[in-house]
Amino acid sequence: MSFGRMNTSVQIFRPVHTKDTDGFATTDETVLACVRAYFEQRHGNVRWANRAAFSEATALFRFRVIPGVAVQPLYVLVCAAGRFEVLSVEVIRDRYVELLAKEVEPVGNHEDRFP
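None of these values were measured; they are calculated from a predicted model.

Chemist: Give me the sheet that holds strand β6 (residues 96-104): which residues, what numbers.
Modeler: Two strands in a sheet stick together by hydrogen bonds in their backbones, pointing the same way (parallel) or opposite ways (antiparallel). Strand order in the closed barrel made by the six strands is β1-β2-β3-β6-β5-β4, with antiparallel pairing throughout. For this sheet, the mean angle separating the axes of adjacent strands, direction not counted, is 45 degrees.

Chemist: Talk me through the pattern of salt bridges; I want residue IDs and the actual numbers.
Modeler: For the structure on display, the rule yields three salt bridges. Two residues, E29 and R83, come together in a salt bridge whose shortest N-O distance is 2.3 Å. Highlighted residues: E29 in strand β2 (residues 25-41) and R83 in strand β5 (residues 82-92), separated in sequence by 54 residues. The class for R83 is buried, based on a relative accessible area of 8%.

The rules behind each value
- Residues numbered from 1 in each chain as written.
- Predicted model: local features only at pLDDT ≥ 70, side-chain atom pairs only at ≥ 80, totals over all residues.
- Heavy atoms only, no water.
- Pairing = 2+ DSSP bridges.
- Helix = DSSP H or I, 4+ residues; strand = E, 2+ residues; numbered from the N terminus.
- Axes fitted to C-alpha atoms, helices over the stretch in contact; angles between N-to-C directions.
- Salt bridge = Lys/Arg side-chain N within 4 Å of Asp/Glu carboxyl O.
- Buried < 20%, exposed > 50% of the residue type's maximum accessible area, 1.4 Å probe, protein only.

See the structure below:
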């Protein structure tokens with residue numbers, strides 16, 4: 001994967017569940033990293049047909065491994081194309097992370113977070 005194909009800026013968020021003083025659960029997001037990634041939307045080619053087990057997946061992200069950061073399912077990716085929830089994570093040859101994700105409705109306006 002050449003750097004030229006990794007042309008999508010992506011922010012990775014980790015959901016943080018907390019309780020307020022009244023005991024109500026709230027969910028906030030913490031930024032883990034901002035990376036450049038290869039991004040591919042779902043379309044009708046052979047590779048996406050072979051990913052039928054992940055029928056919910058609408059996007060594929062591939063980026064280089066970030067030392068000290070382990071991306072897990074249910075994390076959220078935000079890019080110019082929208083907001084995506086991670087469904088599956090696979091590390092390829094200890095160099096790249098490949099994520100299958102589904103597009104989700106935005107909770108709030110994240111345009112101010114993403115340049």
